[in-house]
Amino acid sequence: MELDRRLERHLGDWLGAWPPTGELTVVGSEHRIRPGWDGKVYPVVGVATPEGTVLSVPPDLVEKTRAAGEDLTTVGSALPALVGRPDARFGRGVFRWCHELVDGTDPEAVWLSPDDERVPPWLAVFNGEVLVHLDEDGRYGAGVGRKRHDEWGQELSVATEEHLRGRGLARRLVAQAARRVADEGAVATYLHAVSNTASAKVAEASGFPDTGWWILGLPVAS
């Protein structure tokens, strides 16, 4: 399937290697010392699957990370100190990716530049056009941003104003954005906290099933 191949290319580029070659594969990547989609540096990123985990760290920390232990729990507890963030906490969230392009279009949604005056502050930080639901007066009601990590992978983030929730806006916007990502030759990914059941429902309805994958990392300093 083409989306599968795009995901493999994305993770191989973003992490430095894919798929995992064992229970825990530690790799070094220049992406861990360079600014990411938002200009911040993410020194630790990993993706875990039921078959194994790839953990990506700065190239000069590969050997120290491997020496920290053989399992993810042990290595994860050592990572904050290794990257100079001793107060940070290694954690995980749900990692989903688009398996199927589902039907769904919001007729009131338009693609806008992040610096458009109608775009709210939370959407203005994204590094690509954002999809925004506008009411009849042209006011923002919901939106999807795209974190364009590389040529093959774009991570989606969605939010809806409280008074418009429960109408399926988020589902339609995510499905519509995933189709644009696919049209651009990439695959859409979707991450959320384990406790965020509302986000999980949106993902499931938009073609992003939970396959037991996790995103791993450290919080990034402002």
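Before reading further, recall that the structure is shown in the block above.
Residues numbered from 1 in each chain as written. Predicted model: local features only at pLDDT ≥ 70, side-chain atom pairs only at ≥ 80, totals over all residues. Heavy atoms only, no water.

**Looking at the overall build of the protein**
Item 1. Assigned secondary structure in the protein consists of five helices and 10 strands.
Item 2. For 222 residues, the compact-globule estimate of 2.2 N^0.38 gives 17 Å, and the protein sits close to it at 18 Å.
Item 3. Across its three principal directions, the C-alpha atoms of the protein cover 60 × 35 × 30 Å.
Item 4. Taken across its 222 residues, the protein has 48% of its residues classed as buried.
Item 5. If you take every contact in the protein between residues at least 6 apart in sequence, the share linking residues at least 24 apart comes to 63%.
Item 6. Accessible area of the protein: about 11000 Å², with a carbon and sulfur share of 48%. (Helix = DSSP H or I, 4+ residues; strand = E, 2+ residues; numbered from the N terminus. Rg over C-alpha atoms; globule rule 2.2 N^0.38 Å. Buried < 20%, exposed > 50% of the residue type's maximum accessible area, 1.4 Å probe, protein only. Contact = heavy atoms within 4.5 Å. Areas by Shrake-Rupley, 256 points an atom, 1.4 Å probe, with all protein chains shown as cover.)

**So, the pattern of salt bridges**
Item 1. Considering all chains together, one arrives at 11 salt bridges under this definition.
Item 2. Across the salt bridge formed by arginine 66 and glutamate 63, the nearest N and O atoms sit 3.3 Å from each other. With a gap of three residues between them, arginine 66 and glutamate 63 both fall in helix α2 (residues 62-67), about one helical turn apart.
Item 3. Here arginine 118 and aspartate 116 are joined by a salt bridge, their closest N and O atoms 3.0 Å apart. (Salt bridge = Lys/Arg side-chain N within 4 Å of Asp/Glu carboxyl O.)

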